[in-house]
Amino acid sequence: MTVSDLLLRSTSGYPEELSEAGSDTWSGLVDLAQFEGLEGLLYCRCLEAGIEIPSRHLPQLQWSYRRVAERNCVALTKLQGLLKAASSDGLDLLVLPGASLLPLYPDEGCRPMDDIDLLVHSSQLEAVCSFLRAHGFESAQRHDGLFTGGGLTLDLHLYLVNADRIQARS
Amino acid sequence: MGGSHPMSTGCPRARSDVLYRELADGGLIYDSTSRQVHHLNETAALVWRGCQRGAEIGAMVEELMGSYSVDEQTVRADVGVTLQRLSAGGLLVTPNPGENLPP
């Protein structure tokens, strides 16, 4: 079994093979998990199954898992408040995967989330941009649909399928 | 907190306005008021859950003794330290005098 297969099986909930993995396999596995953003999920699956993680890799996996959990919890709490305020202003925002996929994972530590994709109705785009600026967000110069503020990065999209980022308008 | 020790005036209670998430190796509390994140190990998470449901300290001690092979004195001391840390983090409230406490 390749390291890639082993990572896929482990993070899918079948980490039993790891109990017989050697040092080199573990090193390759952790490197690949880091590259794929799956360190937290690997750590969680091992804990669930009672697989002993080698002490050499334990701190890295645990730190990554906890850091992702922290970032996601903070981001989702802020997003919740923002969506509530937007709704009060009559703005319809739909959270696109991956933030909305988080409940499918064991917990918030298992899936890193760089930015949050939001679907915006084209007729409300300008109003949403104004709303975000009023709430302290700033848009990137070269991407009008990308807003950052308060530790959140929001990526606005007009289309559900092939959701290209909104092009710069100037 | 009012400077009072949570163990001296009855059952410590978890603040209900903070976010708590159960994790594979413990838990995480996010206090959006102070914007602070608190990481809990398995023992601290168990104590926090006890505070959430308003459990007596003795019940927390019994639950921990059922999960770990540790003597009561050690467990009681650990629970006390954990409650002090949660209290220092501003995460606990003490019930008002006369408020109904769980049995």
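Some words on the overall build of chain A
Across its full length, chain A carries five helices and five strands. Starting at the N terminus and ending at the C terminus, chain A contains elements arranged as α-α-α-α-β-β-α-β-β-β. On the principal axes, the C-alpha backbone points of chain A span a range of 55 × 25 × 25 Å. Looking at chain A as a whole, 41% of its 170 residues qualify as buried. Expressed as a percentage of contacts within chain A between residues at least 6 apart in sequence, the contacts between residues at least 24 apart total 62%. Working note: accessible area of chain A is about 9,400 Å², and carbon and sulfur atoms make up 50% of it.

Some thoughts on the layout of surface pockets
Size it by volume and the largest pocket reaches roughly 440 Å³. Elements with a minimum of two residues in the lining of the largest pocket: α3 (39-49), α4 (58-88) and β5 (152-157) of chain A. The element best represented in the lining of the largest pocket is α4(A), accounting for 10 residues. Taken together, the residues of the lining of the largest pocket break down into nine nonpolar, 10 polar and six charged. If you trace the second largest pocket, you find 13 residues lining it, with Thr77(A), Lys78(A), Gly150(A), Leu152(A) and Arg35(B) closest to the centre. Residue contributions to the lining of the second largest pocket peak at four residues, all from α4(A). Residues belonging to the lining of the second largest pocket are distributed by class as follows: four nonpolar, seven polar and two charged.

Quick look at the sheet that holds β5(A)
Residue and element names in this part refer to chain A. Spatially, five strands are ordered β1-β2-β5-β4-β3 in an open sheet, and the strand pairing comes out mixed. Edge positions in the sheet fall to β1 (93-95) and β3 (138-140), since each has one partner strand and no second. Sheet twist, expressed as the average angle between the axes of neighbouring strands with direction ignored, equals 35 degrees. With four bridges connecting them, strand β2 (residues 116-120) and β5 associate as parallel partners.

Structural notes on the pattern of salt bridges
Scanning all chains against the criterion turns up nine salt bridges over all chains. For Glu17(A), the salt bridge identified is with Arg9(A), shortest N-O distance 2.9 Å. A relative accessible area of 30% means that Glu17(A) is categorised as partly exposed. In this structure Arg9(A) comes out as partly exposed when scored by relative accessible area, which is 33%. Between Arg49(B) and Glu22(B) there is a salt bridge; the shortest N-O distance is 2.4 Å.

Thoughts on the packing of helix α1 (residues 42-52) of chain B against helix α3 (residues 72-88) of chain B
All names here are of chain B. Interaxial distance between α1 and α3 falls to 10 Å at its minimum, and their mutual angle equals 70 degrees. One element, α1, and the other, α3, form an angle in the roughly perpendicular class. Once α1 is placed against α3, the crossing between them reads as right-handed. Of the residues in α3, those touching α1 at Ala44, Val47, Trp48 and Cys51 are Val79, Thr82, Leu83 and Leu86. Among the residues making up the contact of α1 with α3, the classes are represented as seven nonpolar, one polar and no charged.

Here we look at the side chain of Asp107(A)
Tracing the backbone shows Asp107(A) in the loop between β1 and β2. An unpaired buried charge is present at Asp107(A): no salt bridge exists, and Arg66(A), the closest side chain of opposite charge, is 8.7 Å distant. A polar side-chain atom of Asp107(A) sits 2.7 Å from a polar atom in the side chain of Tyr65(A). A distance of 2.8 Å separates a polar atom in the side chain of Asp107(A) from the backbone nitrogen of Gly109(A). Apart from residues lying up to four places away in sequence, Asp107(A) is in contact with Cys44(A), Tyr65(A), Glu22(B), Leu23(B) and Ala24(B).

Focus on the sheet that holds strand β4 (residues 36-40) of chain B
Strand order in this open sheet of three strands is β2-β3-β4 (chain B), and the pairing throughout is antiparallel. Each end of this open sheet is capped by a strand with a single partner; those strands are β2 (19-23) and β4 of chain B. Averaged over neighbouring strand pairs, the angle between their axes works out to 15 degrees when direction is ignored. Pairing between β2(B) and strand β3 (residues 26-31) of chain B: five bridges, direction antiparallel. Each residue of the ladder has a partner; that of Tyr20(B), found in β3(B), is Ile29(B). Along the sheet face, α4(A) touches β2, β3 and β4 of chain B and points at about 35 degrees away from the line of β3(B). Packed onto the sheet, α1(B) meets β2, β3 and β4 of chain B and runs at close to 135 degrees relative to β2(B).

Notes on helix α2 (residues 23-36) of chain A
Residue and element names in this part refer to chain A. A rise of 1.5 Å per residue sets the reference length of α2, with its 14 residues, at 20 Å; its end C-alpha atoms lie 20 Å apart and thus fit the reference within 8%. Buried residues in α2 make contact with α1 (3-11), α3 and α4. Following α2 by one or two positions, Gly37 has its phi on the positive side, about 70 degrees.

Calculation rules
Residues numbered from 1 in each chain as written. Chains lettered and ligands numbered in written order. Predicted model: local features only at pLDDT ≥ 70, side-chain atom pairs only at ≥ 80, totals over all residues. Heavy atoms only, no water. Helix = DSSP H or I, 4+ residues; strand = E, 2+ residues; numbered from the N terminus. Buried < 20%, exposed > 50% of the residue type's maximum accessible area, 1.4 Å probe, protein only. Contact = heavy atoms within 4.5 Å. Areas by Shrake-Rupley, 256 points an atom, 1.4 Å probe, with all protein chains shown as cover. 1 Å grid on protein atoms, 1.4 Å probe; cavity = no way out; pocket = protein on both sides within 12 Å on 5 of 7 lines; lining within 4 Å. Points joined across faces, edges and corners; volume = space filled by probe spheres on them. Nonpolar A, V, L, I, M, F, W, Y, C, P; charged D, E, K, R; others polar. Pairing = 2+ DSSP bridges. Axes fitted to C-alpha atoms, helices over the stretch in contact; angles between N-to-C directions. Salt bridge = Lys/Arg side-chain N within 4 Å of Asp/Glu carboxyl O. Parallel < 35°, antiparallel > 145°, perpendicular 65-115°, else oblique. Left-handed = near helix turned anticlockwise from the far one by under 90°. Lys, Arg positive; Asp, Glu negative; His and termini not counted. Polar contact = N/O pair within 3.5 Å; in protein donor to acceptor, adjacent residues only side chain to side chain. Expected span 1.5 Å × (residues − 1).

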